[in-house]
Amino acid sequence: SRSPWSKPPSSPAPPKLTDLTVPLATLLGPPRRPGESHGFGPLDPALCRALAALAAASPHTTACVTVTDPDGHAIGHGCLAAGRRRAPLPGAPDPPLTALPARLNLSITATRLTRLLQPAAQPPRPPGPAARSGWALAKSPTPDPPGPPGDPPWCGTWIITLPSGLQYQVPLEPVPTHGCDHRRESQAYQPSDRLRHLVQIRDYECTLPTCSRHAKESDFEHAVPYDKGGRTCGCNAGARSRACHRVKQAPGWKVTQPKPGWHQWQTPSGRTYTQEPKRYPT
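Computed from a predicted model, the values in this text were never measured in an experiment. (Residues numbered from 1 in each chain as written. Predicted model: local features only at pLDDT ≥ 70, side-chain atom pairs only at ≥ 80, totals over all residues. Heavy atoms only, no water.)

J.: I would appreciate a short explanation of the side chain of His73 in the present structure.
T.: Note that His73 resides in the loop between strand E4 (62-68) and strand E5 (74-79). Ignoring sequence-local partners within four residues, the contact set of His73 consists of Val67, Thr68, Thr177, His178, Trp262, Glu276, Pro277, Lys278 and Arg279. (Helix = DSSP H or I, 4+ residues; strand = E, 2+ residues; numbered from the N terminus. Contact = heavy atoms within 4.5 Å.)

Below is the structure:
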């Protein structure tokens, strides 16, 4: 028999998708593009739709929207903010009987997002399974305050509707990829939570080309050290696993960023390797 002083057996942790990336085109229809999950690789479009529905049904799911350029690099991002409940969409499917908490990232190209700003220019789409998916994305009818000059037209607040009928605000802003306007720069050594998140979205994994440690499990590291004048900003920051962070600080190693998001590693032997930003499925 078990000793009265022994610890009771712990129940297994509930299943959770740690990272699920789904192209919004797959949910909005009609394109059917595969998604992916960190550690599992590509996922079939039908499986993506099913998993996204299960994730959306869980109150413990966190979700974001990532805007990409034609190459899949993240150039914009926003996290779902508190929304309001509304009636289910006509013809929407019944909610799933189960739910699966997840970190859900919905990717969409800047080109498609810009087209959504001009719905009248798009021909009506015949009803079908994609139209009844329950997912919808539209620009908020409430005007946004003027943003910094030069922001893309898709910046601002969008409204995403989940299959359950819940609506959430998604404030989209640029990600420091290709260029950086230093809007999220911190004057301190530690970044703000928002800057850390944007760098994690841009890099996705440790920036050493041979390392696949997730950015959420890596350090926010300055390419030019902070104590040597390096900025705490997206143009001088990268995700480094703790082990690779130590490699970068070892004698003979050097990391630079020719442009935000591109991390150039120089080894003690003089060889140079460049790691580009994450390419998201679109």
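J.: What am I meant to see in the packing of aromatic side chains here?
T.: Where two aromatic rings form a pair, the distance of their centres and the angle of their planes describe that pair. Applying the stated criterion to the full structure yields three aromatic pairs. Between the aromatic rings of Tyr189 and Tyr226, the centroid separation amounts to 5.6 Å while the plane-to-plane angle is 75 degrees, which identifies the pairing as edge-to-face. One end of the pair, Tyr189, is in the loop between strand E10 (167-174) and helix H4 (193-203); the other, Tyr226, is in the loop between strand E11 (219-222) and strand E12 (237-240), with 37 residues separating them in the sequence. We classify Tyr226 as partly exposed; its relative accessible area is 33%. For the pair Trp253 and Trp265, a centre-to-centre distance of 6.3 Å together with 80 degrees between the ring planes defines the contact as edge-to-face. Highlighted residues: Trp253 in the loop between helix H5 (242-249) and strand E13 (254-259) and Trp265 in strand E14 (residues 262-266), separated in sequence by twelve residues. On the basis of relative accessibility, which here comes to 28%, the residue Trp253 falls in the partly exposed class. The ring of Tyr204 has Lys278 sitting right over it, with the charged end atom 4.4 Å from the ring centre. (Phe/Tyr/Trp six-rings, centres within 6.5 Å; stacked < 30°, edge-to-face > 60°. Buried < 20%, exposed > 50% of the residue type's maximum accessible area, 1.4 Å probe, protein only. Lys NZ or Arg CZ within 6 Å of the ring centre and 35° of its normal.)

J.: Please explain the environment of Ala243 as it appears in this structure.
T.: Tracing the backbone through its elements, the reader meets Ala243 in helix H5. Put simply, Ala243 and Cys211 are 32 residues apart on the chain and 9.6 Å apart in space, counted from C-alpha to C-alpha.

J.: In this structure, what is going on with the sheet that holds strand E15 (residues 272-275)? I would like to understand it.
T.: Strand pairs in the sheet, formed through backbone hydrogen bonds, run parallel or antiparallel to each other. Across the sheet, three strands lie side by side as E13-E14-E15; this open sheet has antiparallel pairing. Two strands close off the open sheet at either side, each with one partner strand: E13 and E15. For this sheet the average axis-to-axis angle between neighbouring strands, irrespective of direction, equals 25 degrees. The pairing of E14 with E15 spans four bridges and is antiparallel. Note on E15: the bridge partner recorded for Gln266 is Thr272. (Pairing = 2+ DSSP bridges. Axes fitted to C-alpha atoms, helices over the stretch in contact; angles between N-to-C directions.)

J.: What exactly am I supposed to notice about the pairing of E14 here?
T.: Regular strands show a simple pattern: their side chains alternate between the two faces of the sheet. Inspection of the sheet shows E13 paired to E14 by four bridges, in the antiparallel sense. Within E14, the position partnered with Lys254 by the bridge is Gln266. As consecutive antiparallel partners, E13 and E14 are separated by two residues, and within that stretch Gly261 has a phi angle of approximately 95 degrees, a positive value. Hairpin connection, E14 to E15: the antiparallel pair is bridged by five residues, and Gly270 has positive phi, about 95 degrees.

J.: Even after reading the chapter, I still don't get the pattern of salt bridges, so can you show me in this structure?
T.: Opposite charge on two side chains permits pairing when their charged atoms draw close. Across all of its chains, the model carries 14 salt bridges by this definition. As a salt-bridge pair, Arg194 and Glu173 come within 3.1 Å of each other at their nearest N and O atoms. Of this pair, Arg194 sits in helix H4 while Glu173 sits in strand E10, placing them 21 residues apart in sequence. On the basis of relative accessibility, which here comes to 10%, the residue Glu173 falls in the buried class. For Glu185, the salt bridge is made with Arg231, and the minimal N-O distance between the two is 2.9 Å. Of this pair, Glu185 sits in the loop between E10 and H4 while Arg231 is found in the loop between E11 and E12, placing the two residues 46 residues apart along the sequence. When salt bridges that share partners are traced, they join Asp151, Asp181 and Arg183 into one network. (Salt bridge = Lys/Arg side-chain N within 4 Å of Asp/Glu carboxyl O.)

J.: What is the right way to look at unusual backbone geometry in this model?
T.: Negative phi values dominate among residues other than glycine, just as trans dominates among peptide bonds. Backbone geometry places His178, a non-glycine residue, at a positive phi of 75 degrees. Here His178 is to be found in the loop between E10 and H4. Classification of His178 as partly exposed rests on a relative accessible area of 35%. Even without being a glycine, His182 presents a positive backbone phi close to 65 degrees.

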